[in-house]
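Chains, contacts and geometry: an overview
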Amino acid sequence: MNAPPPGALLAALLTLSLAAPSRCGAQGTDARALLREGFAARRAQRDADALRAFESAWAVDGRASTLAQIGLAEHALGRWVDAERHLAACLSSDDPWVARNTAPLRASLAAVRAHLASLALDDGPAGAAVTLDGRAVATLPLHEPLRVPAGTVVLRVTAAGHHPLERSLAVAAGETLRA
């Protein structure tokens, strides 16, 4: 049996999410309106607009089901690291909507993880700033490897009193690279 294409899973979740209950009251109404805006944007394949609407809704309602929508929009946009973090977080919740949609959410998370690798930084001065592709991501020491998109990333580590270290690293999906 062939697996449905990733877009079909996302479309099914979008349809199911239209029936997701929301909190009552003024904040719930605002969140519902923002969610409707996000769902309309997803249907129109305006995923960046949908992401902004879902993030605004999550700021109002803080629900794991809304966080799932953020992760799904990030998946559609290829924002693999953020999508993994948000989908994993929603799946660790006890939200009833998430519980009903665990299988497709797990499938989306697996598809996201197929685009990710890990980067372990074992050495470096405490307090050193770590950037990947020009974006600040951590401060040394690290307690766990960084999640990075598979491919080539530019690692830069800077610390007062030390020469900056900059390397271009190739990482394969599923790999943990020690640098």
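The structure we're discussing is the one just above.
Within each chain, residues carry numbers counting from 1 in the order of the written sequence. Reporting in this predicted model follows two pLDDT cut-offs: at least 70 for local features of residues, and 80 or more for side-chain atom pairs to be given and counted; totals over whole chains, interfaces and linings ignore these cut-offs and use all residues. Side-chain metrics rest on all non-hydrogen atoms present in the structure, leaving aside hydrogens and water.

With respect to helix 5 (residues 80-91)
The end-to-end C-alpha distance of helix 5 is 16 Å, a good match for the 16 Å that twelve residues give at a rise of 1.5 Å each. Looking only at helix 5, the buried set comprises Trp-80, Asp-82, Ala-83, Glu-84, His-86, Leu-87, Cys-90 and Leu-91. For this analysis, residues touch if any pair of their heavy atoms sits within 4.5 Å. Only DSSP runs of H or I covering at least 4 residues are called helices, and only runs of E covering at least 2 are called strands; the numbering of each starts at the N terminus. Buried residues belonging to helix 5 abut helix 4 (64-77), helix 6 (96-100), helix 7 (102-113), strand 1 (116-120), strand 3 (135-139) and strand 4 (146-149). A helix is expected to span 1.5 Å multiplied by its residue count minus one. Relative accessibility under 20% of the residue-type maximum defines a buried residue, over 50% an exposed one, and the middle range a partly exposed one, all with a 1.4 Å probe and only protein chains included.

Here's the deal with the sheet that holds strand 6 (residues 165-171)
Sheet strands pair by backbone hydrogen bonding; their relative direction is either parallel or antiparallel. With antiparallel pairing, the four strands of this open sheet are ordered in space as 3-2-5-6. At either end of the open sheet lies a strand with only one pairing partner, and these are strand 3 and strand 6. Across the sheet, the mean angle separating the axes of adjacent strands is 30 degrees when strand polarity is ignored. Where strand 2 (residues 129-132) lies against strand 3, four bridges are found, and the strand directions are antiparallel. Should DSSP find at least two bridges between two strands, the strands are regarded as paired. Simply put, an axis is a line fit to the C-alpha atoms, just over the touching stretch for a helix, and the angle between two N-to-C directions goes from 0 to 180 degrees.

Notes on the packing of helix 5 against helix 7
Contact geometry of helix 5 with helix 7 gives a least axis separation of 9 Å together with a crossing angle of 150 degrees. Regarding the angle of helix 5 to helix 7, the classification is roughly antiparallel. Read as a crossing pair, helix 5 and helix 7 show a hand that is left-handed. Note on element contacts: helix 7 touches helix 5 through Thr-102, Leu-105, Arg-106, Ser-108, Leu-109, Val-112 and Arg-113, opposite Trp-80, Ala-83, Glu-84, Leu-87, Ala-88, Cys-90 and Leu-91. By the convention adopted, Pro, Cys, Tyr, Trp, Phe, Met, Ile, Leu, Val and Ala count as nonpolar, Lys, Arg, Asp and Glu as charged, and the other residues, Gly among them, as polar. Taken together, the residues of the contact of helix 5 with helix 7 break down into nine nonpolar, two polar and three charged. An angle below 35 degrees is treated as roughly parallel, one above 145 as roughly antiparallel, one from 65 to 115 as roughly perpendicular, and anything else as oblique. Less than a right angle of anticlockwise turn of the near helix away from the far helix marks a crossing as left-handed, whereas a clockwise turn marks it as right-handed.

Section: the nonpolar core
For this analysis, a nonpolar core means a set of buried residues of the types Ala, Val, Leu, Ile, Met, Phe, Trp, Tyr and Cys, connected via side-chain atoms within 4.5 Å. Judged by nonpolar contacts, the single largest core of 24 residues is most densely connected at Phe-54, Leu-87, Cys-90, Leu-91, Val-98, Leu-105 and Val-112. Elements that contribute at least two residues to this core include exactly helix 2 (25-43), helix 3 (47-61), helix 4, helix 5, helix 6 and helix 7. At six residues, the largest contribution of residues to this core is made by helix 4. What Leu-87 contacts, discounting residues up to four positions off in sequence, is Ala-68, Gly-71, Leu-72, Leu-105, Ser-108, Leu-109 and Val-112. The next biggest cluster of nonpolar side chains, apart from the first, holds 17 residues, and it includes Leu-119, Leu-121, Ala-128 and Leu-169.

What to know about the pattern of salt bridges
Where charged atoms from two side chains of opposite charge approach closely, those side chains can pair. Between Lys or Arg on one side and Asp or Glu on the other, a salt bridge is scored when a side-chain nitrogen of the former is within 4 Å of a carboxyl oxygen of the latter. This model, assessed by the stated rule, comprises nine salt bridges. For Arg-85, the salt bridge identified is with Asp-82, shortest N-O distance 3.1 Å. Placement of the pair is Arg-85 and Asp-82 together in helix 5, with a separation of three residues, close to one helical turn. Under the relative-accessibility criterion, Arg-85 is labelled partly exposed at 46%. Among the ionic pairs, Arg-147 bridges to Glu-84, the shortest N-O distance being 2.9 Å. A residue pair is termed long-range when its members are at least 10 positions apart, and Arg-147 in strand 4 and Glu-84 in helix 5 qualify at 63 residues. Beyond isolated ion pairs, a larger network of salt bridges with shared partners links Arg-46, Asp-49 and Arg-52.

Considering the packing of aromatic side chains
Note on aromatic pairs: the rings of Phe, Tyr and Trp (six-membered ring only in Trp) are paired at centre separations within 6.5 Å, and the planes decide the class, stacked below 30 degrees, edge-to-face beyond 60, tilted for the rest. Using the criterion set out here, one finds one aromatic pair in the structure. When the centroid spacing of 5.4 Å and the interplanar angle of 55 degrees are considered together, the rings of Phe-39 and Phe-54 count as tilted. Of this pair, Phe-39 sits in helix 2 while Phe-54 is found in helix 3, placing the two residues 15 residues apart along the sequence. For the pair Phe-39 and Phe-54, one class covers both residues: buried.

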